[in-house]
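Here's the letter readout for the chains.
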Amino acid sequence: MIVIVGLWYTIYNSIIVITDSNIGTIKVFDPWEILDVTSDSTPKEIKSAFRRLSLIYHPDKNQNDSLAAGKFMQITKAYDVLTSELARSNYEKYGNPDGPQ
């Protein structure tokens with residue numbers, strides 16, 4: 001009986017640890033957070049933030065760094081969303097700059 005109770009206790013704790021961890025959570029695409037600007041920023045501020053971040057994470061400056069390349073792609077996508085009328089309307093309407101998925 002002690003073995004069965006111990007087994008149930010172990011299973012219960014494993015389930016709690018798995019559900020409390022952040023593994024598997026999907027981060028929502030937020031272009032303002034990626035570019036570190038507010039939603040009421042001017043186009044000039046958005047462009048300035050894009051240039052500053054793209055200089056830091058550009059693949060030519062960070063060769064053999066896949067994290068920097070991924071971050072650069074996010075920065076570029078966020079800038080496109082905030083500057084393109086079509087991408088911005090798709091993002092506002094569907095939550096995705098590429099349109100309905």
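Scope of this entry: the structure provided in the associated data block. Quantities reported herein were computed from a predicted structural model and do not represent experimental measurements.

**Some thoughts on the overall build of the protein chain**
Across its full length, the protein chain carries five helices and zero strands. Walking the protein chain from its N terminus toward its C terminus, one meets helices and strands in the order α-α-α-α-α. Taking the principal axes of its C-alpha atoms as reference, the protein chain extends roughly 70 × 35 × 25 Å. Burial status across the protein chain gives 23% buried among its 101 residues.

**Examining a nonpolar patch on the surface**
A cluster of nonpolar side chains, I4, L7, W8, I11 and I15, forms an exposed patch at the surface whose accessible area comes to about 540 Å². Here I11 is to be found in helix α1 (residues 2–20).

**Here's the deal with the packing of helix α4 (residues 66–83) against helix α5 (residues 85–94)**
One way to put it is that α4 packs onto α5 with a least axis distance of 5 Å and a crossing angle of 95 degrees. The orientation of α4 with respect to α5, classified from their angle, is roughly perpendicular. Where α4 abuts α5, its residues D80, V81, L82 and T83 lie against E85, A87, R88 and Y91. Of the residues assigned to the contact of α4 with α5, the class counts are four nonpolar, one polar and three charged.

**As for the pattern of salt bridges**
Enumeration over the complete set of coordinates arrives at one salt bridge. A salt bridge links E92 to R88; the shortest N-O distance between them is 3.5 Å. Linking E92 with R88, this pair stays in helix α5, spanning four residues, or about one helical turn.

**Focus: the nonpolar core**
Ranked by size, the top nonpolar core spans 14 residues in total, and within it L35, V37, I46, I75 and L82 carry the most contacts. When residues of this core are traced back to their parent elements, those giving at least two are α2 (31–35), α3 (43–57) and α4. Sorting elements by how many residues they give to this core places α4 first, with five residues. Setting aside residues up to four positions removed in sequence, L82 forms contacts with P31, W32, L35, V37, I46 and R88.

**Describing the packing of α3 against α4**
It is at 9 Å that the axes of α3 and α4 come closest, and there the two elements cross at 165 degrees. By the criterion of interaxial angle, the relationship of α3 to α4 is roughly antiparallel. In terms of crossing hand, the pair formed by α3 and α4 is left-handed. Contacts between α3 and α4 pair I46, K47, F50, L53, S54 and Y57 from the former with A68, K71, F72, I75, T76, Y79 and L82 from the latter. The residue inventory of the contact of α3 with α4, partitioned by class, reads nine nonpolar, two polar and two charged.

The rules behind each value
Residues numbered from 1 in each chain as written. Predicted model: local features only at pLDDT ≥ 70, side-chain atom pairs only at ≥ 80, totals over all residues. Heavy atoms only, no water. Helix = DSSP H or I, 4+ residues; strand = E, 2+ residues; numbered from the N terminus. Buried < 20%, exposed > 50% of the residue type's maximum accessible area, 1.4 Å probe, protein only. Patch = residues over 30% accessible without salt bridge, like charges linked within 9 Å, V, L, I, M, F, W, Y side chains within 5 Å. Areas by Shrake-Rupley, 256 points an atom, 1.4 Å probe, with all protein chains shown as cover. Salt bridge = Lys/Arg side-chain N within 4 Å of Asp/Glu carboxyl O. Axes fitted to C-alpha atoms, helices over the stretch in contact; angles between N-to-C directions. Parallel < 35°, antiparallel > 145°, perpendicular 65-115°, else oblique. Contact = heavy atoms within 4.5 Å. Nonpolar A, V, L, I, M, F, W, Y, C, P; charged D, E, K, R; others polar. Core = buried A, V, L, I, M, F, W, Y, C linked by side-chain atoms within 4.5 Å. Left-handed = near helix turned anticlockwise from the far one by under 90°.

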